[in-house]
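# Remarks on the overall topology
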Amino acid sequence: MKIDGVATRSLWPLADERGVGVIDQTRLPHMVAKLELTTMAAVEHAIRAMQVRGAPLIGVAGAYGLALALRADASDAALADAHRALNAARPTAVNLRWALDRMRAAVALLPAAERSAAAWREAGRIADEDVEINRAIGVYGAQLIAEVHRRRGRRVQVLTHCNAGWIATVDYGTALSAVYQAHDAGVPLHVWVDETRPRNQGLLTAWELAAHGVPHTLIADNAGGHLMQHGEIDLVIVGADRVTARGDVCNKIGTYLKALAAHDNGVPFYAAVPSPTIDWSVRDALAEIPIEDRGGDELRRVSGLNAGGEPAEVQIAPPATAVANPAFDVTPARLVSGIITERGVAAPAALAHLFPQPAAE
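Values in this document were obtained by computation on a predicted structure and should not be read as measured data.

### What to know about helix α5 (residues 112-152)
- Taking 1.5 Å as the rise per residue, α5 with 41 residues should run 60 Å; its terminal C-alpha atoms sit 60 Å apart, in good agreement.
- Where α5 terminates, the next one or two residues include Gly153, which has phi positive at roughly 65°.

Structure representation (structure tokens):
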């Protein structure tokens, strides 16, 4: 994707393999600021503080973080410690654990002297694969959008929640990959963008869509059901942080409520899901998926620009106000119309048919 006409990825290796560059997502949408992460600790902090966010992207970042850890110490103990520390940074998105497990498997049997270089190469492969997976997801998702246009003969109205765009992956995005590719193919569409409290990642979606020239409108989270009741939404497409073998979708808090409203109004509800986001080991999503509980200040305070155009933070609730801040919820498979993957679109119950090998393990 592009920023000011320049093709840009959200994460890139620095010269001489000394680390990775990333876009600091805590500064968006008001400023495009870039960070250089040159140690495992810096990567861990960036993931935990959500300077790097989005399930696919934190998986790639974690892979590079482990590679940087092995550059400093390639021993078995250091490998185990780095895996443990990085995996704990964000517990809900399974992509992080998947990438770290793959990295560990790629280097575990190698002599210590060869591990650092091998790990860096493997992290690069994971990053490039992420781009191709998300491009393919967009192809299948764009076909769904085009089919709605063919049947209805008018502009397609899409609702999305949180940010599942290119900034949440290395490139293309997941849910927004479908939107971009449909738009680029000439399908007339408009996107309703949930603000997505408490951290307002929907603002990142609006920023992305504006940069790409996609018509869109930012709405309060609670407006989606109203729009569906009045026929203003043709389909919902969201991303995911973890999907179970039976097709339950764990995504940003508030997704479940959108799925309920969509079900009540006969609006198709899709999740765009890269295969590394599927956790084949989980059977009971509510019992087994750890839901990250983030700090209360994310609700007590809001960030933006002041009247002078400078970054500012405003307190909207007293510091003593008790806050519960679960970051994710689970949408049961019964509310999901289909799951869009790099291998095609499947009903939740048929997800394993697209990926028979992982399901058999």
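### Details of the packing of aromatic side chains
- Evaluation of the coordinates by the stated rule reveals three aromatic pairs.
- Measuring from ring centre to ring centre gives 6.2 Å for Trp166 and Trp207, while their planes differ by 35°; the resulting arrangement is tilted. Pair noted here: Trp166 is in the loop between β6 (156-160) and α6 (175-184) and Trp207 is in helix α7 (residues 202-212), with a separation of 41 residues, a long-range link.
- Between Trp280 and Phe355, the ring centres sit 6.3 Å apart and the planes meet at 55°, which makes this aromatic pair tilted. One end of the pair, Trp280, is in the loop between β13 (278-279) and α10 (285-288); the other, Phe355, is in the loop between α12 (351-354) and α13 (356-360), with 75 residues separating them in the sequence.
- Here Trp280 falls in the buried class, since its relative accessible area comes to 16%.

### Considerations on the side chain of Thr160
- Inspection of the secondary structure puts Thr160 in strand β6.
- Those residues in contact with Thr160 that sit more than four places away from it in its chain are Ala175, Val191, Trp192, Val193, Asp194, Thr205, Ile237 and Val238.

### Overview of the sheet that holds strand β12 (residues 269-272)
- Strand order in the open sheet formed by seven strands is β8-β7-β6-β9-β12-β17-β18, and the pairing between neighbours is mixed. Taken across any chain shown, the strands that pair with only one partner, and hence form the sheet edges, are β8 (216-219) and β18 (344-346). Averaged over all neighbouring strand pairs, the angle between strand axes comes to 25°, with direction disregarded.
- Relative to strand β7 (residues 189-194), β6 runs parallel, the two being bridged by five bridges.

### With respect to the sheet that holds strand β5 (residues 34-37)
- Strand order in this open sheet of three strands is β3-β4-β5, and the pairing throughout is antiparallel. Each edge of the sheet is formed by a strand with only one pairing partner; in this case those strands are β3 (11-13) and β5. Neighbouring strand axes in the sheet, compared pairwise and without regard to direction, differ in orientation by 25° on average.
- Inspection of the sheet shows strand β4 (residues 20-23) paired to β5 by four bridges, in the antiparallel sense. Of the residues in β5, the one forming a bridge with Gly21 is Glu36.
- Its contacts with the sheet place helix α2 (residues 55-72) against β3, β4 and β5, and it is angled at close to 25° to β3.

### A short note on the pairing of strand β15 (residues 311-315)
- The pairing of strand β14 (residues 301-305) with β15 spans five bridges and is antiparallel. The residue bridging Leu305 from the neighbouring strand is Pro311, located in β15.
- The antiparallel pairing of β14 with β15 creates a hairpin that spans five residues between the two strands, and Gly309 there sits at a positive phi of about 80°.

### Here's the deal with the packing of helix α1 (residues 40-48) against α2
- Where α1 contacts α2, the two axes come as close as 8 Å, and the packing angle between them is 160°. By the angle between their axes, α1 is roughly antiparallel relative to α2. At the point where α1 passes α2, the crossing takes the left-handed sense. For the pair α1 and α2, contact is made by Met40, Val43 and Ile47 and by Ile58, Ala61, Gly62, Gly65, Leu68 and Ala69, respectively.
- Looking at the contact of α1 with α2, its residues break down into seven nonpolar, two polar and no charged.

### A closer look at the environment of Gly239
- Looking at the element boundaries, Gly239 is found in the loop between β9 (235-238) and β10 (242-244).
- The exposure class of Gly239 is buried, given its relative accessible area of 4%.
- C-alpha separation for the pair Gly239 and Asp293, spaced 54 residues apart in sequence, amounts to 19 Å.
- Leave out the neighbours within four places in its chain, and Gly239 touches Ala164, Thr174, Ala175, Val249, Asn251, Ala271 and Ala272.

### Some points on the nonpolar core
- Counting 39 residues, the largest nonpolar core has Leu11, Tyr64 and Met103 as the members making the most contacts within it.
- If you list the elements that add at least two residues to this core, you get β4, α1, α2, α3 (76-87), α4 (94-107) and α5.
- Residues Trp207, Val214, Ile237 and Ile340 belong to the second largest nonpolar core, which totals 34 residues.

### What about the environment of Thr331?
- If you trace the backbone, Thr331 turns up in strand β16 (residues 328-331).
- On the accessibility criterion, Thr331 (0% relative accessible area) is buried.
- Along the sequence, Thr331 and Thr169 sit 162 residues apart, while their C-alpha atoms lie 22 Å from each other.
- Excluding residues that lie within four positions of it along the chain, Thr331 makes contacts with Asp248, Val249, Thr255, Tyr256, Ala259, Phe269 and Val336.

### Things to note about the packing of α3 against α4
- With their axes 10 Å apart at the nearest point, α3 and α4 run at an angle of 170° to one another. Relative to α4, the element α3 is oriented roughly antiparallel. Taking contact as the criterion, the partners of Leu79, His83, Leu86 and Asn87 in α3 are, on α4, Leu96, Arg97, Leu100, Asp101, Arg104 and Val107.
- Looking at the contact of α3 with α4 residue by residue, the classes come out as five nonpolar, two polar and three charged.

### Here we look at the side chain of Asp171
- Within the element layout of this structure, Asp171 appears in the loop between β6 and α6.
- Sequence-distant contacts of Asp171, that is, excluding residues within four places in its chain, are made with Met1, Thr8, Arg9, Asp130, Val131, Asn134 and Trp166.

So, how was this worked out
- Residues numbered from 1 in each chain as written.
- Predicted model: local features only at pLDDT ≥ 70, side-chain atom pairs only at ≥ 80, totals over all residues.
- Heavy atoms only, no water.
- Helix = DSSP H or I, 4+ residues; strand = E, 2+ residues; numbered from the N terminus.
- Expected span 1.5 Å × (residues − 1).
- Phe/Tyr/Trp six-rings, centres within 6.5 Å; stacked < 30°, edge-to-face > 60°.
- Buried < 20%, exposed > 50% of the residue type's maximum accessible area, 1.4 Å probe, protein only.
- Contact = heavy atoms within 4.5 Å.
- Pairing = 2+ DSSP bridges.
- Axes fitted to C-alpha atoms, helices over the stretch in contact; angles between N-to-C directions.
- Parallel < 35°, antiparallel > 145°, perpendicular 65-115°, else oblique.
- Left-handed = near helix turned anticlockwise from the far one by under 90°.
- Nonpolar A, V, L, I, M, F, W, Y, C, P; charged D, E, K, R; others polar.
- Core = buried A, V, L, I, M, F, W, Y, C linked by side-chain atoms within 4.5 Å.

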